[in-house]
Amino acid sequence: PIGVFDSGIGGLTVVKELLRQLPGEDIVYLGDTAHLPYGTKSAETIIRFTLDNILFLLKQNVKLIIVACNTASSLALDEVRRHFRIPIIGVIQPGAWRAAHITKTRCIGVIGTRATINSKAYERQIKKINSTIKVISQACPLFVSLVEEGWLKQPETVGIAKKYLGALIGKDKKMDTLILGCTHYPLLKPVLKRVLGKNIKLIDSAQEAAREVREILEENGLVNKKPKVKGRCRFYVTDDPEGFSRQAVRFLGYRLSQVKRIINV
């Protein structure tokens, strides 16, 4: 199976994209709900949690691991990769690569949690690809709560989006591409498109991460050879399986029948 972990439930947007792009693959998902949010923790703590999550997924005999948490991707990915031979990818590099290759104005916006924005991880990745690109960032901390409350289209959500995004789309800005730097944010695409208009392209990091997984599996001959057989998904959390299952409806479109709680990762 493909292993996926996140600090909570947002990584299910990655699972949804994997199911769409690689329907024959089995998936094991771990939500480290006992330790969320990662964004308030130190880098050392996030690295430790990330290592624990990877070790759990390796026990499930996974062939590739996706770090579906932007905070862990920005602060722990480079460190943990040194310890394992298995392919481990994050959600930052795929989104940064896509944005850098489609922008025409060479001005890219990034929205995310405060921890992700403060890490400047997306900016560093984009600059590696093309140092002439301007990156403008905006933390949108309320977006996660709005998604988890199911406030996806309410007038209040539109108002908050206008407040956050106003700093990115002023008259003097040339942004033509916006990276959704949090796995919760794809659920807000309709609102974001309404606020931004048709001329700004949205980069879904979950979508781009799934695309990279597909390419890696194809290049290494690891794709499931029985594509007509629908893959199976197993879901694990470190706390509150009932709450996770209930929230999953907003991300996957259906309630999960079984979510297992693990005491020690």
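What you see is a predicted model, and the numbers here were worked out from it, not measured in a lab.

K.L.:
Requested: an account of the nonpolar core, with residues and values cited.
P.N.:
Nonpolar side chains in soluble globular proteins tend to be buried together. Core analysis: the biggest nonpolar cluster contains 55 residues, and Leu12, Leu18, Ile111, Phe143 and Leu178 have the highest contact counts within it. It is helix H11 (residues 205-219) that contributes the most residues to this core, 6 residues altogether. Not counting chain neighbours up to four residues away, the residues in contact with Leu178 comprise Gly109, Val110, Ile111, Leu165, Leu168, Leu196, Ile200, Lys201, Leu202 and Ile203. Counting 22 residues, the second-largest nonpolar core is a separate cluster that includes Ile46, Phe56, Val62 and Ile65.

K.L.:
Kindly report on H11, identifying the contributing residues and their values.
P.N.:
Its 15 residues give H11 an end-to-end C-alpha distance of 21 Å, which sits within 8% of 21 Å, the value for a rise of 1.5 Å per residue. Within the sequence span of H11, burial applies to Ser205, Ala206, Glu208, Ala209, Ala210, Glu212, Val213, Ile216 and Leu217.

K.L.:
How would you summarise the packing of helix H9 (residues 155-165) against helix H10 (residues 189-196) if you had to cite specific residues and measurements?
P.N.:
In a pair of packed helices, the angle between the axes and the distance between the axes together describe the arrangement. The contact between H9 and H10 brings their axes to 10 Å, and the two run at 55 degrees. Taken together, the axes of H9 and H10 lie oblique to each other. In the crossing of H9 with H10, the sense of the turn from one axis to the other is right-handed. Residues Thr157, Val158, Ala161, Lys162 and Leu165 of H9 form the contact with H10, whose participating residues are Val191, Leu192, Arg194, Val195 and Leu196.

K.L.:
Hey, could you go over unusual backbone geometry for me, with residue numbers and the actual values?
P.N.:
With omega at 0 degrees, the peptide bond leading from Leu36 into Pro37 counts as cis. You will see that Asn61, though not glycine, has its phi angle at about 65 degrees, which is positive. Tracing the sequence through the fold places Asn61 in the loop between helix H2 (43-59) and strand S3 (64-67). By relative accessible area, which is 63% here, Asn61 ends up exposed. For Asp240, which is not glycine, the phi dihedral falls at a positive 55 degrees. For Asp240, a relative accessible area of 43% gives the class partly exposed.

K.L.:
Please give an account of the packing of aromatic side chains that cites residues and values.
P.N.:
Taken as a whole and assessed by the stated rule, the structure comprises 6 aromatic pairs. Relative to Phe49, the ring of Tyr38 has its centre 5.5 Å away and its plane inclined at 35 degrees; by these criteria the two rings are tilted. One end of the pair, Tyr38, is in the loop between strand S2 (27-31) and H2; the other, Phe49, is in helix H2, with 11 residues separating them in the sequence. Here Tyr38 falls in the buried class, since its relative accessible area comes to 1%. Seen in terms of ring centroids, Phe143 and Tyr164 are 5.2 Å apart; in terms of plane orientation they differ by 85 degrees. Their pairing is edge-to-face. Residue Phe143 is located in helix H8 (residues 142-148), and its partner Tyr164 is located in helix H9; the two are separated by 21 residues in the primary sequence. Assigned by exposure class, Phe143 and Tyr164 land together as buried. Clustering of aromatic rings is evident, with ring pairs tying together Tyr29, Phe235 and Phe244.

K.L.:
An account of the pairing of strand S5 (residues 107-112) is requested, with residue identities and associated values reported.
P.N.:
A large share of S5 lies buried, amounting to 6 of its 6 residues. Going residue by residue along S5, you find Cys107, Gly109 and Ile111 tucked away on one face and Ile108, Val110 and Gly112 tucked away on the opposite face as well. Pairing analysis gives 6 bridges linking S5 to strand S6 (residues 134-139), with the strands arranged parallel. What sits directly across from Val110, in S6, is Ser137. Sheet analysis places S5 next to strand S7 (residues 177-180), joined by 4 bridges and oriented parallel. Within the sheet, the bridge partner assigned to Ile111 lies in S7 and is Leu180.

Calculation rules
- Residue positions within a chain follow its written sequence, with the count starting from 1.
- Given that the model is predicted, a residue must reach a pLDDT of at least 70 before its local features are reported, and side-chain atom pairs must reach 80 or more before they are shown or counted; all residues, however, enter totals for whole chains, interfaces and linings.
- For the side-chain quantities, the full set of heavy atoms in the structure was used; hydrogens and water were omitted.
- Within this scheme, the nonpolar core is defined by two criteria: the residues are buried Ala, Val, Leu, Ile, Met, Phe, Trp, Tyr or Cys, and they are joined through side-chain atoms within 4.5 Å.
- In this scheme, a residue with accessible area under 20% of its type's maximum is buried, one over 50% is exposed, and one in between is partly exposed, where area comes from a 1.4 Å probe on protein chains only.
- In DSSP terms, a helix is any run of H or I states spanning at least four residues, a strand is any run of E spanning at least two, and both are numbered starting from the N terminus.
- Contact definition: two residues touch when any of their heavy atoms are within 4.5 Å.
- Given a helix with a known number of residues, its expected span is that number minus one, times 1.5 Å.
- All axes are obtained by fitting lines to C-alpha atoms, using only the stretch in contact for helices, and the reported angles, taken between N-to-C directions, cover 0 to 180 degrees.
- Roughly parallel refers to an angle under 35 degrees, roughly antiparallel to one over 145, roughly perpendicular to one between 65 and 115, and oblique to any angle outside these ranges.
- Each helix crossing is assigned a hand: it is left-handed if the near helix lies turned anticlockwise from the far helix by less than a right angle, otherwise right-handed if that turn is clockwise.
- In this analysis, rings of Phe, Tyr and Trp, with Trp reduced to its six-membered ring, are considered paired at centre separations within 6.5 Å, and the interplanar angle assigns stacked below 30 degrees, edge-to-face beyond 60, and tilted for intermediate values.
- For two strands to pair, DSSP has to find at least two bridges joining them.

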